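Chain and residue survey
Listed here are the chains, written in short residue letters.
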Amino acid sequence: MTGHAGREAMLAGCHAMVLAAGGASRFGGGKLLARLDDTPLVCRAVRAAFAAPVESVRVVIGADAEQVREAVLAEQTPPPEFVHCDSWQQGLSASLKAGIGALPADARAVAIFLGDMPDLSGQLAGEALRAVLGGAPGAYPVFGQAPGHPVALSRALFERVAQLEGDRGARALIKDHPGVVRLPVDDPGCIVDIDTRDDLRVYARA
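So, here's what we can say about the structure. (Residues numbered from 1 in each chain as written. Predicted model: local features only at pLDDT ≥ 70, side-chain atom pairs only at ≥ 80, totals over all residues. Heavy atoms only, no water.)

Structural notes on the overall build of the protein
- In terms of regular secondary structure, the protein is built from six helices and ten strands.
- Against the 2.2 N^0.38 benchmark of 17 Å for 206 residues, the protein shows a C-alpha radius of gyration of 15 Å, consistent with a compact globule.
- Residues classed as buried in the protein amount to 52% of the 206 residues present.
- Considering only contacts within the protein whose residues lie at least 6 apart along the sequence, 74% involve residues at least 24 apart.
- Surface exposure of the protein reaches about 9,200 Å², of which carbon and sulfur atoms provide 49%.
- Taking the average place of the 20 positive charges on the side chains of the protein and the average place of its 24 negative ones, the gap between the two points comes to 3 Å. (Helix = DSSP H or I, 4+ residues; strand = E, 2+ residues; numbered from the N terminus. Rg over C-alpha atoms; globule rule 2.2 N^0.38 Å. Buried < 20%, exposed > 50% of the residue type's maximum accessible area, 1.4 Å probe, protein only. Contact = heavy atoms within 4.5 Å. Areas by Shrake-Rupley, 256 points an atom, 1.4 Å probe, with all protein chains shown as cover. Lys, Arg positive; Asp, Glu negative; His and termini not counted. Charge placed at Lys NZ, Arg CZ, Asp CG, Glu CD.)

Here you go:
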């Protein structure tokens, strides 16, 4: 897995974050290290994040932290920055808070990827980030009627992340926020995630 090769022009002040700290209880643990096409699941999301037009990529780790770090470092050049979420057991919101807290002080926007989504698009992240740079507080893709990822947040919403609890993530933060841009897409990858081992088997057969 390589870094920024083939990526569109970087958007100044924009960053990407991969949330990869959860314990994957429904999967029975170790989900992000499960292999698809001989690649750890989390590395597919990291690869998509590096394809986005961003200044930097951060991976938030917690459960299985060292194993996830090693898996990513074995696949990804250049490497991302890693952010450890000590409170990962408190849910997705804790990972998001840790990631937001680690962004540079001059960050204008962030695109959020989930480590258990194997078909995310760096190009879609760019579209969402451009919508935010154009004045939207947030943006996300929609496939059919289903909201997807990556979700882009403007700096104006960073402080509101602190209000989130449990497994509520970025999409919950902007769901009813005025001015949020919804981007209709024909890419089902923005909604495909792996929750259980059955999901993984079904995906691998597709």
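What follows continues from the structure just given.
Overview of the side chain of Ser95
- Summarising the element assignment, Ser95 is placed in helix H3 (residues 92–101).
- Here Ser95 falls in the buried class, since its relative accessible area comes to 3%.
- Apart from residues no more than four positions distant in its own chain, Ser95 is found in contact with Leu19, Ala21, Val60 and Cys85.

Digging into the pairing of strand E4 (residues 56–61)
- For E4, the tally of buried residues reaches six of six residues, placing the bulk of the element in the interior.
- Alternating positions in E4 separate into two faces, Ser56, Arg58 and Val60 on one and Val57, Val59 and Ile61 on the other, with burial throughout.
- Relative to E4, strand E1 (residues 14–20) runs parallel, the two sharing six bridges. Its bridge partner being in E4, Ala20 is matched across the sheet by Ile61.
- Crossover handedness for the path E4 to helix H2 (residues 65–75) to strand E5 (residues 81–84): right-handed. (Pairing = 2+ DSSP bridges. Right-handed = clockwise from strand over helix to strand, strands pointing away.)

Observations regarding unusual backbone geometry
- A cis geometry characterises the amide bond from Thr77 onward to Pro78, with omega recorded as 0°.
- In this fold, Pro78 is placed in the loop between H2 and E5.
- Between His149 and the following residue, Pro150, the backbone shows a cis peptide bond with an omega angle of 5°.
- Of note, Asp37 is a non-glycine position whose phi angle comes to about 50°, a positive value.
- Among the secondary structure elements, Asp37 is positioned in the loop between strand E2 (35–36) and strand E3 (39–40).

Thoughts on the pattern of salt bridges
- According to the stated counting rule, one finds nine salt bridges in the structure shown.
- A network of salt bridges, in which partner residues are shared, links Asp37, Arg44 and Asp119. (Salt bridge = Lys/Arg side-chain N within 4 Å of Asp/Glu carboxyl O.)

Thoughts on the nonpolar core
- Of all hydrophobic cores here, the largest spans 61 residues; its most connected members are Leu96, Phe113 and Leu153.
- No other element matches the seven residues that helix H1 (residues 41–50) contributes to this core.
- Residue contacts for Leu153: discarding those within four places in its chain leaves Arg108, Ala109, Val110, Ile112, Val132, Pro137, Phe158, Val161, Ala170, Leu173 and Ile174.
- Among the nonpolar cores identified, the runner-up in size contains eight residues, and Ala34, Ile194, Leu200 and Tyr203 belong to it. (Core = buried A, V, L, I, M, F, W, Y, C linked by side-chain atoms within 4.5 Å.)

Regarding the environment of Phe82
- Examined against the element boundaries, Phe82 turns out to sit in strand E5.
- In this structure the C-alpha to C-alpha distance between Phe82 and Leu114, which are 32 residues apart in sequence, comes to 15 Å.
- Sequence-distant contacts of Phe82, defined by excluding residues within four places in its chain, comprise Val59, Ile61, Arg69, Val72 and Leu73.

Examining H2
- Residues Ala65, Val68, Ala71 and Val72 constitute the buried set of H2. Taken down its axis, H2 places every buried residue within 135° of arc, on the same side. Exposed residues on H2 whose side chains face more than 90 degrees from its buried face are Glu70 and Ala74.
- Looking at the buried side of H2, the elements it contacts are E3, H1, E4 and E5. (Arc of directions from axis to C-beta.)

Some points on H3
- Among the ten residues in H3, seven count as buried, and that is most of the element.
- Those residues of H3 not exposed but buried are Ser93, Ala94, Ser95, Leu96, Ala98, Gly99 and Ile100.
- Residues of H3 that are buried make contact with E1, E4, E5, strand E6 (109–114) and helix H5 (170–174).

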